[in-house]
Amino acid sequence: MHVPRAVGHSNQISLGALKMRVSVETTSGLERRLTVGVPADRVDSAVKKRLQDAARNVRLPGFRPGKVPMKVMQQRFGAGVRQEVLGEVISQSFQEAVVSENLRPAGQPNIEARKMDAGQDVEYTATFEVFPSVAISPIDDLAIEKPRADVTEADIDDIIEVFRKQQGKLVEADRAAAVGDTVVIDFQGYRDGEAFEGGSGEGTSLELGSGRMIPGFEDGLVGGNAGEEKTLNLTFPEDYQKEDLAGAAVEFKVQISEVQELELAPVDAALFSQYGLEDGTEEDFRAEVKQNMERELRNAIEASVKNQVMDAIVAAHENLEMPASLISQEVSAMRQQMFQQFGGAAPQDMDLTSILPDEMFSEQAERRVRLGLVVSEMIKQFELTAEPAKVREAIEDIASTYQDPNEVINWYYSENEQLAGIESRVLEDAVVDRLLSSAAITEVEC
């Protein structure tokens, strides 16, 4: 394999009376190596000043406060202070160096010390990737299928039925169990006549048709009555998570102690209040439901169109070279986000990569980074801005789903990070609108 020779140049940056030496090498692709030399005086004078400042307040046995000699301060604290100063000088000089060389680092640099001894110039190398130069490819043949649908009275009936189920309660049914009913059961599983681990339960509530149990288990209880015992001869799936049971033939003995059916909640004020309408009639509730469904429909249509535009952007820029460090950062962020969704905050000593490996996220992370680079360049080239009116409109749309919209609106405007997220979304939408202005759009009934 041919390894390209590192190429680069050197420079000097004037810092008052001091000159910092900087050389830049292109090691491969987007990777750069900075070699930075910092004059010894910059470090030594900072160490001396910090020790002098500390001497005014430090208390040591045998010395009056503020009278500790510098020689003693140097002996006791010099090494620690120097390490602190070195860290700060390296950080500051790195920032000065990349600015002077007009470099845009992508991700954190890998710092390697070369010379750090007292009284000598400090020298270190910083290896990092830079953001690529993004050339926007034209997307002239953009064809978009825009879904079209209407919220009907039947749709409203269906969602209210869902609400009634959510707020319903289980009551005893004096009949045979049917799909959708809940049965309360005791069960024990046997393999070759022996009970197996994890194959039993007592007082277990099981909704028939939920798919919680292995194939055939729930079907075998349909038609059963309270007080009846069922024997189910089943086979575990070949891909069952416990390898010792995968594909195994087993027998379950199941005792049904109760059959329960779901009694739907009545359509009344109590139901309305559960979904945000404190006062109002059924007609008011239906109008509120319709308004919410139409907003969700509008958002779903916009998301469908936006995804098609983003797919077209990705396809047009497949050859864009991307910093591996940015992809790695995105993978880590996605991993943390997934863990938080399902398991809460991860302990610091937990290796999440063993639970959620990189391969789970790498493709999506690469897509996100590619889109981020290209869309950012489009925003710059199209000279787009996050118009305050558009930002306000987006926040108000989110706030409209809450009981106190004004409180939500004020929260967004008081949280800089959240507001920046909305502004980014508005800018993305502006890019989408710009590209849609020259696209062929076909409405598709669905």
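All values derive from a computational prediction rather than experimental measurement.

1. Some words on the nonpolar core
One finds Leu142, Val309, Ile313 and Leu435 to be the most contacted residues of the largest nonpolar core, which totals 35 residues. Breaking this core down by element, the ones donating at least two residues are α5 (282–316), α6 (324–343), α8 (362–382) and α11 (416–436). A total of 8 residues in this core trace back to one element, the largest contributor, which is α8. The residues contacting Ile313, other than those within four sequence positions of it, are Ile139, Leu371, Val374, Val375, Met378 and Leu435.

2. Focus on the layout of surface pockets
Of the volumes computed, that of the largest pocket is approximately 820 Å³. Lining the largest pocket are 24 residues, and of these Glu302, Glu393, Arg425, Asp429 and Asp433 lie nearest its centre. Among the elements that make up the lining of the largest pocket, the one with the highest residue count is α5 (8 residues). Quantified by volume, the second largest pocket comes out at close to 490 Å³. What lines the second largest pocket is a set of 16 residues, among which Arg368, Leu371, Gly372, Val375 and Glu428 lie closest to the centre.

3. Concerning the pattern of salt bridges
Scanning the entire structure with this criterion turns up 26 salt bridges. The salt bridge involving Glu123 is made with Arg21; its shortest N-O contact spans 3.9 Å. Taken together, the residues span a long stretch of sequence, with Glu123 in strand β5 (residues 122–130) and Arg21 in strand β2 (residues 18–28) at a distance of 102 residues. Residue classification places Glu123 among the buried positions, given a relative accessible area of 16%. Glu123 is the partner of Arg114 in a salt bridge, and the nearest nitrogen-oxygen pair spans 3.6 Å. Three or more residues are tied together by salt bridges with common partners; here these are Arg21, Arg114, Asp121 and Glu123.

4. Let's talk about the confidence of the model for the protein chain
On average, residues of the protein chain score 90 in pLDDT, and 94% of them are at 70 or above. Per-residue pLDDT stays below 50 along residues 1–6; that stretch engages in 5 contacts with residues further than four places along the chain or on separate chains.

5. Re helix α9 (residues 388–399)
Here α9 is 12 residues long and its end C-alpha atoms lie 16 Å apart, about the 16 Å a rise of 1.5 Å per residue gives. Those residues of α9 not exposed but buried are Val391, Ala394, Ile395, Ile398 and Ala399. Around the axis of α9, the buried residues are gathered within 135° of arc, so they sit on the same side. In α9, the exposed positions that point more than 90 degrees away from the buried face belong to Ala389 and Glu393. Summarising the contacts, the buried residues of α9 are in contact with α10 (405–414) and α11.

6. Points about the side chain of Asp181
Its location among the elements puts Asp181 in the loop between β7 (169–172) and β8 (182–191). In this structure Asp181 comes out as buried when scored by relative accessible area, which is 5%. Within the structure, Asp181 has its side chain in polar contact with the side chain of Arg175 (distance 2.7 Å). At a separation of 2.8 Å, a polar atom in the side chain of Asp181 contacts the main-chain amide nitrogen of Ala178. Contacts of Asp181, omitting those with residues within four sequence positions, involve Arg175, Ala176, Leu206, Glu207, Leu208, Val259, Gln260 and Glu261.

7. As for the packing of aromatic side chains
When we look at a pair of aromatic rings, we describe it by the centre distance and by the angle of the planes. The full count for this structure, using the stated rule, is 11 aromatic pairs. Within the aromatic cluster, the residues linked to one another by ring pairs are Phe187, Phe196, Phe217, Phe236, Tyr240 and Phe252. Sitting over the face of the ring of Phe382, Arg434 holds its NZ or CZ atom 4.4 Å from the ring centroid.

Conventions used here
- Residues numbered from 1 in each chain as written.
- Predicted model: local features only at pLDDT ≥ 70, side-chain atom pairs only at ≥ 80, totals over all residues.
- Heavy atoms only, no water.
- Core = buried A, V, L, I, M, F, W, Y, C linked by side-chain atoms within 4.5 Å.
- Buried < 20%, exposed > 50% of the residue type's maximum accessible area, 1.4 Å probe, protein only.
- Helix = DSSP H or I, 4+ residues; strand = E, 2+ residues; numbered from the N terminus.
- Contact = heavy atoms within 4.5 Å.
- 1 Å grid on protein atoms, 1.4 Å probe; cavity = no way out; pocket = protein on both sides within 12 Å on 5 of 7 lines; lining within 4 Å.
- Points joined across faces, edges and corners; volume = space filled by probe spheres on them.
- Salt bridge = Lys/Arg side-chain N within 4 Å of Asp/Glu carboxyl O.
- pLDDT = per-residue confidence, 0-100.
- Expected span 1.5 Å × (residues − 1).
- Arc of directions from axis to C-beta.
- Polar contact = N/O pair within 3.5 Å; in protein donor to acceptor, adjacent residues only side chain to side chain.
- Phe/Tyr/Trp six-rings, centres within 6.5 Å; stacked < 30°, edge-to-face > 60°.
- Lys NZ or Arg CZ within 6 Å of the ring centre and 35° of its normal.

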